[in-house]
Amino acid sequence: MRLTPALQRTVDDFQSMEEGDRLQLLLEFADELPDLPQRYADHPDLLERVAECQSPVFLLVEVDDHVHVHASAPAEAPTTRGFASILAQGLEGATVGEALAVPTDMPRLLGLDRVVSPLRLRGMAGMLGRIQRQVRERLDQH
Amino acid sequence: MTESEPRFAEYAAPERLVSTDWVAAHLDDPDVVIVESDEDVLLYEVGHIPGAVKVDWHTELNDPVQRDYVSPAAFAELLGRKGIGRDTTVVFYGDKANWWATYALWVFALYGHDRTRIMDGGRDAWIAEGRELTREPARRPAVEVPVVERDDRTLRAFRDDVLAHLGRPLVDVRSPEEYAGLRTTAPAYPEEGALRAGHIPTAASVPWGRAVHEDGTFRSRAELEAIYLDGAGLRGADDVIAYCRIGERSSHTWFVLTYLLGIPGVRNYDGSWTEWGSLVGVPIAVGAEPGTVPGQTGPAR
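Cut-offs applied
Residues numbered from 1 in each chain as written. Chains lettered and ligands numbered in written order. Predicted model: local features only at pLDDT ≥ 70, side-chain atom pairs only at ≥ 80, totals over all residues. Heavy atoms only, no water. Helix = DSSP H or I, 4+ residues; strand = E, 2+ residues; numbered from the N terminus. Rg over C-alpha atoms; globule rule 2.2 N^0.38 Å. Buried < 20%, exposed > 50% of the residue type's maximum accessible area, 1.4 Å probe, protein only. Contact = heavy atoms within 4.5 Å. Areas by Shrake-Rupley, 256 points an atom, 1.4 Å probe, with all protein chains shown as cover. Lys, Arg positive; Asp, Glu negative; His and termini not counted. Charge placed at Lys NZ, Arg CZ, Asp CG, Glu CD. 1 Å grid on protein atoms, 1.4 Å probe; cavity = no way out; pocket = protein on both sides within 12 Å on 5 of 7 lines; lining within 4 Å. Points joined across faces, edges and corners; volume = space filled by probe spheres on them. Nonpolar A, V, L, I, M, F, W, Y, C, P; charged D, E, K, R; others polar. Pairing = 2+ DSSP bridges. Axes fitted to C-alpha atoms, helices over the stretch in contact; angles between N-to-C directions. Right-handed = clockwise from strand over helix to strand, strands pointing away. pLDDT = per-residue confidence, 0-100. Parallel < 35°, antiparallel > 145°, perpendicular 65-115°, else oblique. Salt bridge = Lys/Arg side-chain N within 4 Å of Asp/Glu carboxyl O. Core = buried A, V, L, I, M, F, W, Y, C linked by side-chain atoms within 4.5 Å. Phe/Tyr/Trp six-rings, centres within 6.5 Å; stacked < 30°, edge-to-face > 60°.

Asks: Looking at this model, I keep getting lost on the overall build of chain A. Mind explaining?
Replies: Secondary structure assignment for chain A yields seven helices and three strands. In sequence order, chain A lays out its α and β elements as α-α-α-β-β-β-α-α-α-α. Relative to the globule expectation of 14 Å for 142 residues, the C-alpha radius of gyration of chain A, 14 Å, shows essentially globular dimensions. If you line up chain A on its principal axes, its C-alpha atoms span 45 × 35 × 20 Å. Each of the 142 residues in chain A was classed as buried or not, and the buried ones make up 52%. Relative to all contacts within chain A whose residues are 6 or more apart in sequence, the contacts with residues 24 or more apart total 67%. When the accessible surface of chain A is totalled, it reaches about 6800 Å², and 51% of it is carbon and sulfur. Charge-centre separation for chain A: the mean point of 14 positive side chains lies 6 Å from the mean point of 23 negative side chains.

Below you can see the structure in the form of structure tokens.
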């Protein structure tokens, strides 16, 4: 079990900060979550709802030679957007092996337990679990 | 501050509500602090009313270890750090039709902090009206706040209080699906924390959101009376317990019953379904009907 290089950099960035500043970094990630590519924005039915999150967040994973994660979450749910953005950026371009090797408790490594709360972090673990399941499903389809 | 706005005059305690206009006119009032309380811990950072401070229910009002609210000393420290004096008027607003704002107001009330108001319509109303938001965190000077003991008897109910209360008015403010026992969490929310589904026997089902319009503002007094006094049978009640899953949605109903309808003796059972639905040996009813108190025949009351 290991992080992708990009996720490791994100974890290091969070861990190097004071707790209060970690929320600001999460906000930056929330701001950075890209809009869905038009081909998916027009077909929301193709995306999977993450039931573990309190806010409506939808995911879709593409696998060619590499993994690409697309996600959408409303502006009123910045925490969820931030988590989705961390995962999408951290898994972008990873190999299938790298994506599946990310430990399921990865969200806890961000040091957000006290500033976000363990309950809210559960949603992020749910997102990661669904991304990894979609990766496996795409493999089966190949 | 005892003034109230004409549009709220029909409610039992009109001074408990303020409009977005009122807030906009009091942004620089040193005796008023605006507090944002949201479900999403980052929403304040995305943009808030200029000068508003943030109070997060999860990380600041709940004790991090024990399932309870923070200690009186920790609450005083929190308020001091936020610049909220004992005599400061606190106006709460937040997302989801003030769901979390009313929860924060209820917790403040446990510590005797009574100069509290809700901005009608909440965060969505402010934004819908195109009013200013800022990402600049408010910096209020810290103040000295005395440590005040928490009163857990007047506004708060524990599980034993609810058991002893069975047969008197109970309001279940969760969704119809949770009430009937089809699920233990709100629709579209994660399943968490209760081993049995259903409701406390005899509780009336009034989902909390019925108290507000689509835009998050409170319904008129006549509409609220039809819902709660007629529909839920609370006319003449003076001893009501409301509950939901962890006490947040029922804080909203507690606010409505207490301040908008003027029902005395309303308590919030914050243990709510996450406690009751896991307790050994307590009665539970399933289905759409309120059910009966065990040992009694026929409907309660």
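There's more to say after this.
Asks: Explain the overall build of chain B here, please?
Replies: Looking only at helices and strands, chain B has 11 helices and nine strands in total. A compact globule built from 301 residues would reach a C-alpha radius of gyration of about 19 Å, and chain B, at 19 Å, matches this within 12%. With respect to the principal axes defined by its C-alpha atoms, chain B has extents near 60 × 40 × 35 Å. Buried residues in chain B amount to 60% of all 301 residues.

Asks: I would appreciate a short explanation of empty space enclosed by the protein in the present structure.
Replies: By rolling a water-sized probe across the atoms, one finds the places where empty space is left. All names here are of chain B. Inspection of every chain in the model, using the stated rule, returns one cavity of 30 Å³ or more. In this structure, the largest cavity encloses a volume near 40 Å³. Surrounding the largest cavity, Glu36, Asp38, Asp40, Val41, Leu43, Tyr44, Lys54, Val55 and Asp56 form its lining. Residue classes in the lining of the largest cavity are distributed as four nonpolar, no polar and five charged.

Asks: Quick question: what am I supposed to make of the side chain of Thr134 of chain B here?
Replies: Within the secondary structure, Thr134 of chain B sits in the loop between α6 (122-128) and α7 (159-165). The contacts of Thr134 of chain B, once residues within four sequence positions are left out, are Gly47, His48, Ile49 and Pro50 of chain B.

Asks: How do you make sense of the sheet that holds strand β6 (residues 170-172) of chain B when you look at a structure like this?
Replies: Within a sheet, neighbouring strands are paired by backbone hydrogen bonds and run either parallel or antiparallel to one another. All names here are of chain B. Pairing in this open sheet of four strands is parallel, and the strands run β7-β6-β8-β9 from one edge to the other. Looking at strand neighbours, the two that pair on one side only are β7 (204-205) and β9 (266-269), the edges of this open sheet. Set on the sheet, helix α10 (residues 249-260) makes contact with β8 (240-243) and β9; between it and β9 the angle comes to about 180°.

Asks: What am I meant to see in the pairing of β9 of chain B here?
Replies: It is a general feature of regular strands that their side chains alternate between the two faces of the sheet. Covered by surrounding structure in β9 of chain B are Val266 and Asn268 of chain B together with Arg267 and Tyr269 of chain B, the residues of both alternating faces. You can see the chain leave β8 of chain B, run along α10 of chain B and come back into β9 of chain B, and the turn it takes is right-handed.

Asks: Just checking my understanding: could you explain the confidence of the model for chain A for this structure?
Replies: Low-confidence regions, as indicated by low pLDDT, have predicted coordinates that should not be scrutinised in detail. Considering every residue of chain A, the mean pLDDT works out to 90; 96% of them sit at 70 or more. Averaged pLDDT values over the elements of chain A bottom out at 82 in strand β1 (residues 48-49) of chain A and peak at 97 in helix α1 (residues 5-15) of chain A.

Asks: Sorry, what's going on with the sheet that holds β1 of chain A here?
Replies: All names here are of chain A. Taking strand neighbours across the sheet as the criterion, the three strands line up as β1-β2-β3 in an open arrangement whose pairing is antiparallel. The two strands at the open ends of the sheet, each matched to only one other strand, are β1 and β3 (67-72). Bridge analysis of strand β2 (residues 58-63) against β3 gives six bridges, and the strand direction is antiparallel. Paired with Val61 across the strands is Val69, a residue of β3.

Asks: Just checking my understanding: could you explain the environment of Leu60 of chain A for this structure?
Replies: All names here are of chain A. Counting through the fold element by element, Leu60 comes out in strand β2. Here the alpha-carbon distance between Leu60 and His70, two residues 10 residues apart in the chain, equals 5.2 Å. For Leu60, the contacting residues outside a window of four places in its chain are Tyr40, Leu46, Leu47, His68, Val69, His70, Gln134 and Arg138.

Asks: What's the story with the confidence of the model for chain B in this structure? I'm lost.
Replies: Of the residues in chain B, 94% reach a pLDDT of 70 or more, and the chain-wide mean stands at 93. What the predictor reports for the complex is a pTM of 0.91 with an ipTM of 0.84.

Asks: Explain the packing of α1 of chain A against helix α4 (residues 78-91) of chain A to me, please; I cannot follow it from the model alone.
Replies: Helices that pack against each other are described as a pair by the angle of their axes relative to one another and the distance between those axes. Residue and element names in this part refer to chain A. The interhelical angle for the contact between α1 and α4, taken along N-to-C directions, is 135°, at an axis separation of 7 Å. Judged on the interaxial angle alone, α4 and α1 are oblique. Contact residues: Ala6, Leu7, Thr10 and Phe14 in α1; Ile86, Gln89, Gly90 and Leu91 in α4. Class assignment of the residues belonging to the contact of α1 with α4 gives a composition of five nonpolar, three polar and no charged.

Asks: Would you mind going over the pattern of salt bridges with me for this structure?
Replies: Any two side chains of opposite charge can pair, on the condition that their charged atoms come close. All names here are of chain B. If you walk through the whole model with that rule in mind, you get 32 salt bridges over all chains. Here Arg153 makes a salt bridge to Asp161, at a shortest N to O gap of 3.1 Å. You can call Asp161 buried: its relative accessible area is 15%.

Asks: Teacher, can you tell me more about the nonpolar core here?
Replies: Most often, soluble globular proteins keep nonpolar side chains buried together rather than apart. All names here are of chain B. Among the nonpolar cores identified, the biggest contains 64 residues, and Leu61, Phe92, Phe218, Tyr228, Leu234, Trp254 and Phe255 are the most heavily contacted of them. Elements with a contribution of two residues or more to this core: β2 (32-36), α3 (57-61), α4 (72-82), β4 (89-93), α5 (95-110), α9 (221-231) and α10. For this core, the element with the most residues is α5, which contributes 12 residues. Other than its neighbours up to four places away in sequence, Phe255 contacts Arg16, Leu17, Thr102, Leu105, Ile118, Phe218 and Leu260.

Asks: What is the right way to read the packing of aromatic side chains from this model?
Replies: Given two aromatic rings, their pairing is described by the distance between the two centres and the angle made by the two planes. Residues and elements named next belong to chain B. If you walk through the whole model with that rule in mind, you get 17 aromatic pairs over all chains. Plain terms: the ring middles of Phe75 and Phe108 are 5.1 Å apart, the flat faces sit at 85° to each other, and that makes the pair edge-to-face. One end of the pair, Phe75, is in helix α4; the other, Phe108, is in helix α5, with 33 residues separating them in the sequence. Look at Phe75 and you get buried, because its relative accessible area is 4%.

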